[in-house]
Structure formats: structure tokens, C-alpha cells
Amino acid sequence: TKTDNGASHILDAIYLGACVDGENGMYQDPNAMRDDLSVSQQELGWCLPTADDDENGVLWTEGQPTLVKGTSKTVGVISSGVGYVNAWVDWNQDGDFLDSQEKIANNMFVSAGTNNLTFAVPATASAGTTYFRIRINKQGNLNSFGPALNGEVEDYRVRVSENFTGGGGGEKRATQKWSPQRK
């Protein structure tokens, strides 16, 4: 939140996705949707009128974003113009983005339209639900927290899953042989 130096931006012509609403750092919740449930002071672009959802700057290939341990992931980052993207994932699920390997994009230059962001999902990431944060601005050099003179911050709930390889359907298969006991 704003009281603990939460991420906030002053609205400007640089933002993620189709629209942006006011991000003053006061609206956070476990579903990463609280700013959309609150009345926005100001809006740029065109948000869906039914959902007022301005978290639309990252293109995920599935409904709830899933990140598989020990693999890489590519997402589309939609920018309204030229700027710099910084992004994080809370891999150890401790409630911050300050640990090593949690910054997945460092001043990535983007232009208007869709830009690809590819990042590694550590094999040591904790499986379960966690958060992905992305910020854009004109100058770069953003932390996961604190104010910015322009741009936008978006938070997404994501799921980290184990990497089950082989076996086709993702199940773990027993490797022990069974043999009948003799009398």
C-alpha cells in the first residue's frame, strides 16, 4: 500500500495495454484486482466498461497464468509507446519482490504495440499461487515499490507448477516393480 511505499504512478501517455486508471498505491488485495473494484480518479485509453479492468498489458496464453518450474515463459507486453519495462515474480512467495532472481526484466526497452518478454522460471521457485508485477515508464530504473513520475504498474496472480516431464498427462508414475508373493 501507499503507507509502505507501494508502487504508484502519475498518469501519462505511457501505459500498458488498452488503458490505465489511477494507481496511487492504496489498492491491493489477494486477487490483484482491488484497483479495478475501486472508483478510478482518472483514466487514459479505453477500459472495458463492465469490468473497468486496466490490467490488460500482459498477454498470457492461458486463463490463469501458469509458470512451470525449470522452464522459460514468453509473454506479450503491450505498450502505448516507447518506454522501459521492469518486471518481477515473487518466486518464494514471501510477499515481496526483493529476493535474488525475482526481477525478471530490467529496463527492457519497448515500443508501441506488443513486445515479447521471455524469462526463466527457477527450478527452486515455490509451487502455488504467487504474484507477477510489471511496471512501465519513460525513464526506466524502477524498483518493485515506490512512486514513479509516469507510467503504470500492473499486478497479476499467477500459478507456479511443478515440471512433470514424461508420462504424457503430467502424472507421476510409480517406478517400483510389482511381483506376486510366493507361498
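Here, every reference points to the structure presented above.
Below or above, wherever it landed, is the structure these notes cover. Here the structure is a predicted model, which means the values were calculated and not measured.

One open sheet holds the five strands; their spatial order is β5-β12-β10-β7-β8, and the pairing between them is mixed. Here the strands that pair on one side only, and so sit at the sheet edges, are β5 (66-68) and β8 (103-110). On average, adjacent strands in this sheet sit at an angle of 30° to one another, irrespective of strand direction. Strand direction decides the pairing type here: β5 and strand β12 (residues 152-161), joined by three bridges, are parallel. Along β12, the bridge assignment pairs valine 68 with serine 161.

We now examine the sheet that holds strand β6 (residues 72-79). Overall, antiparallel pairing links the three strands, which are arranged β4-β6-β9 in an open sheet. Of all the strands in the sheet, the pair left with one neighbour each is β4 (58-59) and β9 (113-120).

Thresholds applied
Per-chain numbering applies: the sequence of each chain, read as written, is numbered from 1 onward. Selection of residues for local features in this predicted model requires a pLDDT of at least 70, selection of side-chain atom pairs for listing and counting requires 80 or more, and totals for whole chains, interfaces and linings are taken over all residues. Computation of side-chain values: all heavy atoms of the structure, hydrogens and water removed. Note: two strands are recorded as paired if DSSP finds a minimum of 2 bridges between them. Helix and strand definitions follow DSSP, with helices as H or I runs of at least four residues and strands as E runs of at least two, each counted in order from the N terminus. Inter-axis angles, ranging from 0 to 180 degrees, are taken between N-to-C directions of lines fitted to C-alpha atoms, where helices are fitted over the stretch in contact.

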